[in-house]
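Structure at a glance
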There are 2 protein chains.
Amino acid sequence: MNEPLSPELLRKMHAYWRAANFLSVGQIYLRDNPLLKEPLLLEHVKPRLLGHWGTTPGLNFIYVHLNRIIKQFDLDMIYVAGPGHGGPGVVANTYLEGTYSEFYPAISQDEDGLKKLFTQFSFPGGISSHVAAETPGSINEGGELGYSLMHAYGAAFDNPDLLVACVVGDGEAETGALATSWHSNKFLNPARDGAVLPILHLNGYKIASPTILARIGHEELEALFRGYGYKPYFVEGDDPQTLHQLMAGTLDQVVGEIRQIQSDARANGFTSRPAWPMIVLRTPKGWTGPKEVDGKKTEGSWRSHQVPLANLAGDPSHLAVLETWMRSYRPKELFDETGRLVTELRELAPKGARRMGANPHANGGLLLRELELPDFRDYAVDVPAPGTVVGQATRIAGTFLRDVMKLNMAGHNFRVFGPDETESNRLSALFEVTDRAFAGELIEDDTQIAPDGRVMEVLSEHLCQGWLEGYLLTGRHGFFSCYEAFIHIVDSMFNQHAKWLKVSRKVAWRRPIASLTYLLTSHVWQQDHNGFSHQDPGFIDHVANKKADIIRVYLPADANTLLSVTDHCLRSRNYINVIVAGKAPELQWLDIDAAAAHCAVGASIWEWATSDGEPDVVMACAGDVPTLETLAAVDLLRQHVPDLKIRVINVVDLMALQSPNQHPHGLSDGAFDEMFTRDKPVIFAYHGYPTLIHRLTYRRTNHQNFHVHGYKEEGTTTTPFDMAVLNEIDRFHLAMDAVDRASRLGSRAEQFGQEIRDKLADHARYIRQHGEDMPEIQNWKWSA
Amino acid sequence: MNEPLSPELLRKMHAYWRAANFLSVGQIYLRDNPLLKEPLLLEHVKPRLLGHWGTTPGLNFIYVHLNRIIKQFDLDMIYVAGPGHGGPGVVANTYLEGTYSEFYPAISQDEDGLKKLFTQFSFPGGISSHVAAETPGSINEGGELGYSLMHAYGAAFDNPDLLVACVVGDGEAETGALATSWHSNKFLNPARDGAVLPILHLNGYKIASPTILARIGHEELEALFRGYGYKPYFVEGDDPQTLHQLMAGTLDQVVGEIRQIQSDARANGFTSRPAWPMIVLRTPKGWTGPKEVDGKKTEGSWRSHQVPLANLAGDPSHLAVLETWMRSYRPKELFDETGRLVTELRELAPKGARRMGANPHANGGLLLRELELPDFRDYAVDVPAPGTVVGQATRIAGTFLRDVMKLNMAGHNFRVFGPDETESNRLSALFEVTDRAFAGELIEDDTQIAPDGRVMEVLSEHLCQGWLEGYLLTGRHGFFSCYEAFIHIVDSMFNQHAKWLKVSRKVAWRRPIASLTYLLTSHVWQQDHNGFSHQDPGFIDHVANKKADIIRVYLPADANTLLSVTDHCLRSRNYINVIVAGKAPELQWLDIDAAAAHCAVGASIWEWATSDGEPDVVMACAGDVPTLETLAAVDLLRQHVPDLKIRVINVVDLMALQSPNQHPHGLSDGAFDEMFTRDKPVIFAYHGYPTLIHRLTYRRTNHQNFHVHGYKEEGTTTTPFDMAVLNEIDRFHLAMDAVDRASRLGSRAEQFGQEIRDKLADHARYIRQHGEDMPEIQNWKWSA
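These numbers come from a predicted model, not from an experiment. Sequence order as written defines the numbering, with residues in each chain counted from 1. Chains and ligands are labelled by the order in which they are written, letters from A for the one and numbers from 1 for the other. In keeping with the model being predicted, local features are shown solely for residues with a pLDDT of at least 70 and side-chain atom pairs are shown and tallied solely at 80 or more, while totals for entire chains, interfaces and linings include all residues. The basis for every side-chain value is the complete set of heavy atoms in the structure, and neither hydrogens nor water enter the calculation.

The subject of this paragraph is the interface of chain A and chain B. Contact between two residues is taken to exist if any of their heavy atoms lie within 4.5 Å; hydrogens are not considered. Residue-level contacts link 126 residues of chain A with 126 residues of chain B. Two parts placed together each lose some accessible area; with a 1.4 Å probe, that loss summed over both constitutes the buried area. Summing both partners gives a buried area of about 9,800 Å² for chain A against chain B, and 53% of it is carried by carbon and sulfur. Salt-bridge detection follows one rule: a side-chain nitrogen of Lys or Arg within 4 Å of a carboxyl oxygen of Asp or Glu. The interface formed by chain A and chain B contains 16 salt bridges. With a shortest N-O distance of 2.6 Å, A:Arg215 and B:Asp446 are connected by a salt bridge. Polar contacts here mean pairs of N or O atoms no more than 3.5 Å apart (in protein, one a potential hydrogen donor and the other a potential acceptor; neighbouring residues in sequence count only if both atoms are side-chain atoms). If you look at where chain A meets chain B, you find 63 residue pairs in polar contact (both at pLDDT 80 or more). Secondary structure elements follow DSSP: runs of H or I of four or more residues count as helices, runs of E of two or more count as strands, with numbering from the N terminus. Broken down by secondary-structure element, the contributors of at least two residues to the side of chain A that touches chain B are α7 (176-181), α8 (217-227), α15 (491-506), α16 (539-544), α21 (691-696) and α24 (747-770) of chain A. For the side of chain A that touches chain B, the class distribution of residues is 40 nonpolar, 50 polar and 36 charged. Residue classes follow a fixed rule: Ala, Val, Leu, Ile, Met, Phe, Trp, Tyr, Cys and Pro count as nonpolar, while Asp, Glu, Lys and Arg count as charged, and any other residue, Gly among them, counts as polar.

Further remarks concern the sheet that holds strand β2 (residues 162-169) of chain A. Residues and elements named next belong to chain A. Strand pairing follows a simple DSSP-based rule, namely that at least 2 bridges must link the two strands. The parallel open sheet is built from five strands, whose spatial order is β1-β2-β3-β5-β4. If you trace the sheet from one side to the other, it starts and ends with β1 (76-81) and β4 (230-236), each paired once. Averaged over neighbouring strand pairs, the angle between their axes works out to 20° when direction is ignored. Summarising the sheet, β1 and β2 pair through six bridges and their orientation is parallel. In the sheet register, Val80 faces β2, and the bridge partner there is Cys166. Helix-sheet contacts for α8 involve β3 (195-202), β4 and β5 (276-282), and the interaxial angle to β4 is about 145°. Each axis is a line fitted through C-alpha atoms, and for a helix only the stretch in contact is used; angles between axes span 0 to 180 degrees, taken between their N-to-C directions. Each of β2, β3, β4 and β5 touches helix α9 (residues 240-268); the most contacted strand, β5, lies at about 165° to it.

Here we take up helix α3 (residues 87-96) of chain B. All names here are of chain B. Buried residues are those whose accessible area, probed at 1.4 Å on protein chains only, stays under 20% of the maximum for their type, while exposed residues exceed 50% and partly exposed ones sit between those limits. Counting buried residues along α3, ten of its ten residues qualify, which places the element largely inside the surrounding structure. Taken together, the buried positions of α3 are occupied by Gly87, Pro88, Gly89, Val90, Val91, Ala92, Asn93, Thr94, Tyr95 and Leu96. Tucked into the core, α3 has its buried residues touching α1 (7-29), α2 (56-73), β1 (76-81), α4 (99-103) and α5 (111-120). One or two residues past the end of α3 sits Gly98, with phi positive at roughly 100°.

This part takes up the domain arrangement of chain A. Residue and element names in this part refer to chain A. Taken domain by domain, chain A holds domain 1 (7-360), domain 2 (389-587) and domain 3 (604-778). A combined buried area of about 2,700 Å² lies between domain 2 and domain 3, and 63% of that area is made up of carbon and sulfur atoms. It is strand β15 (residues 551-554) that contributes the most residues to the side of domain 2 that touches domain 3, four residues altogether. Residues belonging to the side of domain 2 that touches domain 3 are distributed by class as follows: 17 nonpolar, eight polar and six charged. Where a domain begins and ends is set by an automatic assignment or by a domain database.

What follows covers the packing of aromatic side chains. Only centres within 6.5 Å qualify two rings of Phe, Tyr or Trp (six-membered ring in Trp) as a pair; their planes then separate them into stacked at under 30 degrees, edge-to-face at over 60, and tilted for everything else. This model, assessed by the stated rule, comprises 70 aromatic pairs over all chains. Note on A:Tyr100 and A:Tyr104: the rings are 4.9 Å apart at their centroids and 40° apart in plane angle, and the pair reads as tilted. Grouped by ring-pair contacts, the aromatic residues A:Trp182, A:Phe225, A:Tyr228, A:Tyr230, B:Trp182, B:Phe225, B:Tyr228 and B:Tyr230 constitute a single cluster. Lying across the ring of B:Phe532, A:Lys499 places its NZ or CZ 3.8 Å from the centre. Two conditions define a charge sitting above a ring: the NZ of Lys or the CZ of Arg must be within 6 Å of the ring centre, and it must be within 35 degrees of the ring normal. Seen from the ring of A:Phe532, B:Lys502 lies directly overhead, with NZ or CZ sitting 4.6 Å from the centre.

This part is about the relation of the copies chain A and chain B. For this overlay, a least-squares fit was computed on C-alpha atoms, restricted to residues scoring pLDDT of at least 70 in both copies. Each copy of the sequence occupies a distinct position, and chain A is placed on chain B by a rotation of 180° and an axial shift of 0.0 Å, giving an RMSD of 0.0 Å. Between the two chains, the operation in question is that of a two-fold axis. Among all residues of chain A, the minimum C-alpha distance to the rotation axis is found for A:Gly176, at 2.0 Å. When you check the interface residues of chain A against chain B, 100% turn up at the interface there too, and the contact is symmetric in its surfaces.

Turning our attention to the nonpolar core. Grouping buried Ala, Val, Leu, Ile, Met, Phe, Trp, Tyr and Cys residues that are joined through side-chain atoms within 4.5 Å yields what is termed a nonpolar core. Counting 479 residues, the largest nonpolar core has A:Leu654, A:Phe676, A:Phe684, B:Phe676 and B:Phe684 as its most contacted members. Look past the residues within four positions of B:Phe676 in its chain and what remains in contact with it is B:Val618, B:Ala620, B:Ile649, B:Val651, B:Leu657, B:Val682, B:Phe684, B:Asn702 and B:Phe706. Core analysis: the second largest hydrophobic core is formed by 34 residues, A:Leu371, A:Tyr379, A:Ala397 and A:Val404 among them.

Printed below as a string of structure tokens:
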């Protein structure tokens, strides 16, 4: 093994690492005496010891080595920390390089700052044990595991000069999300994109048991990563001096290889997918910590996972071990009398924005450029009269997205994501201007796929979500289309991103980023190809649990409203937008001006479908199929019960239903009462589970009169209209309910009910015989 | 290549495969003329063509070959079909082997049965395009992809004589869940467990684009599976005759290897993890289908994914292509004049329960044996008086689970699952009688881990869930403990399992299986080690969207109620039980008899905490922390406002709140009104998002007077009590709300309010200074 580090540099880097380790231990344990100027006493120690030591020395080791190569090669690099609870390490390093104090001036570069740095960790009102939105340089929360590598790739896409170092924990590597993330290299184009350097950190244990990848032997481990398409380098051992040299030499090698891959591809164009280098770093868990505690092996064991010495109050020997441990880093050599890192170590860190804590890519709002947007009105369906022409909402939206893609092609800052469903979801106009991205082998029969495509398709909702998050967090724009039922696969990732957004709004130095926008289609009412397994509209409920200032939900009823909503979402910042829209050919209701006006207010009375005067009944709807069925019900009622006065309300922005003190989009109580009346029955046809409408309207005056029809978990393989019937959200059930609730009709109601029941029986007979819906259903148009 | 199949057997197997393909195409297209006795006319074709052809011929090919080795080696084998929409193939094969007609006599073995078989597919009221609960021999829905291999391993655990053939789709293989499933071999013990034979079916395309694994080249593909710990065999090509011989020879080889591995391990005990064989089968997508349609390549292309000829009504040439295609299978040679499979082909299928459609493991309720359960009362915490002794609920439950484990050790039918959190969740008593299961390398420092352990720990909620589903679906029992926030990772898997249960209840021949029971702990109110990312109680909301006859949710407030609930859940069938319980030391409320009585009714008045006479205010609670805070609030109120009459209600079975017509556990309206009153204010402290309580009690008389405190998404790194304060579910806020709502207190209420605000200010000061909760909070006990 050659020795790339001079003895001098080796000495300094080792000291820098000791400093980071010292600060990490200090954060876990101390609230006072941060430089150990005095003998350590119990009163210097926090009352509650919370935090995680195990992974931290490895993270610190990597950080100091990355600092060296950043300086050596003038790299534009960010650091993604995947292992759980690596917070103390990343915080320590950003403090040492100065960025932490720049973002948080109270945590100053002196003894007082050190004391605050230590105290705030896992302390009420302080910072969490894992990397989070508050951590400088971070784009990946270290709480829920598994998303580091997909975030890293998302950051690297369209950032040709960026090198994303991604530390993957060996516990994290067991998650499904991470296990498929390695395949992201099949979607990375070295001519156009930046690079990801995965560093698998094998420290052997999760919370309490060994990790899989630490226990499969060298041969399988190497084969696995070669199989994933990487060229693995192994840095293994426990002697720091040896490992410093090995790590430095390996990093010189891999950075050289990455640059070679990139310069080849940029000179000659993409030819074939390279084997990108990656590093396997195997070091002891809790490296440099106490070898033994209470006679039990601690360094290199799962006992180092959290706080290796926890019984400080009860066992004086523990306090002594802690003091010995902390003094083993020789803090006096690292920090001067005032508590500042000594000059020769300060000089090891990169400068300015090259510091990983200060790299603007990790505070993407700083780099965010406005998306160029065409006028969505130019894509409008011509709707001369409501309910007479048929259009395909997502197909129309696809033409708009196509031109968004086209206008921003040169900007390299817009991509569309989806699990192999772009075509199925009718967004195929995108393929007129770009392709699917793929860096694997292509053959003659492949169509609409190329290494420089900008549509990201992979049969993993996790990867779509994670790539997109990484792309957005580094200051770009995107759009995610997905089957409605299967978006639940990323429920937990949604949670984490929503939490990140909530927290980052309160972090003063984080600049707003583009919103994450979902288009959920192939929805619950359009699953005739599939069955019950594809029917679940519950993602909206899941979303509605999150903070109102983060969440927007839209249910456009037709193509023009979808256009308006899509335009609005692409302009928004720091939100998660959920759009649910149909992909099937459907009747169109609003011309583009009416659509835009309707979307601006969120919910409105559709006057053209509404009777004059005070209504007997309000018929409200949200969602494309509920809107169609509501208007068909109104049509039925007009024919059969012509003197029933009906008001039709359509809701496109679901949060308009909430009180304005619960959601910023909420209609004022006055406007709500004006619209929904204070006392008339409201038959509400809603796309999803009915309870959500009750929940949103809970505080409204007329809430007790809301009768919501929606999905009742009655799914099966059947026609679209029969799905509506099974869940009693079809025109017949809606009309019958309206008549039943509008009390004054007497025997007319009974007669009407019998007619409706006959119609339902006709329907049942017809579909059993013909396998499709009755022509009168399929061909119905609005004729008022 | 040797030729293991005699010409005669080869001819027959090929014919059998043709028959399966013919029936598959028939299901997608036809509603009449099933044997093509007449020329094919448009009227024989279904009006809506729905279904998926692409993966089907491969599934059929595998099935006929597995039939052969089942007979040859007398194998006990089930078939897990992973690729999406493989329904027609599995249905066709179970029909050919006779099981389909046994389960569904109307689908008889004659022309009339064939006609019905064809018509029902993707037809209203019929069967879905993917494998489902209705499909004989299935334990894996083919709708949402990614779970086949984890289901297969779950089935193989503790089934030493079972060989689970698992076809993994190459699209499916891109999902996170599947990508980590390959590592399940590190948890399989050949001495004790059965075997899984993964067959990766590379047919090149997903819906519209190539799959990753089809495009990484042979070398990487082989390395990947060697890295995953398998010994891959490749069966590749498009000539059926060649592939029949190759597949047969390969299956002979791999079955031999599997038996060798098993006999070695069973003779000598487990020594080291073997490299289990697996097969990579690469065949054209839509194999044997039309080579071209409209001049475009179809067989071997993504165009074969769904219905390769869709325009039958509009283009007569399509009808002709379809007829030629179907006649290419030479149905006259396959079926006799009555429509029955000819005798020489019928004889190819295994007999009786050896048929994969009839294997009882795929209808696990048939094999289900009762769990031996100790008397949960024997584990009770002694509670001489409410709220005076401290206990740790999950630690106590751990002792009960330990003895469940012990009693059923010989039965080999109980396992506990969790993502590396058994110890963290305080279930460590289990390790007194068993270990974690692991077949990877073990070293000296490892503890409580062994190849024959029965606690399944892996840092993947997906694997825990999928293994457990597979284990339950094949007739065994299990228990899943998980951090509450991260159970959202399997939201979508939960959905699919709930849907499976709902459907299988209606499938007459499916016998009830053991319920899937979650213990969610390390919950939202106990995250001082962690932070906001670990705080999410929304899984209950997600669960509550599913059908009431499947779902049970329990919030035991202490150890004895947890014991009673756990016992109940382990006895239940066909449910999904969610138990949320704390792991921290907490005050205990009920002795074991009171706990059992309380759990039996689901919600009851806690008389010992309730004032005599008509209440001024009802204080209700559900969950351990809400219960503690409610009782502490009652204590405060007694001291400060002694004449306020308070009724305390605890809810342990959340579904008791719903109306009995919505959930079978719902209290009658009379009992509910009796308990919650018809008109008194109800201050309800609830573990999760408050809206759920409104939603559940929506139809109750007194609903308008419910004031629910719960999690408001105000999470951070802080003390447990401060978390309660941030969300206003702490004793101070609850007491203040009770006083505010109980109108008659006048100026006393104002004074009390001021006292409470002072206390909150004290609290805030104290934790900022000390980093922990005030002693009066930490040490509070019930003293009434």
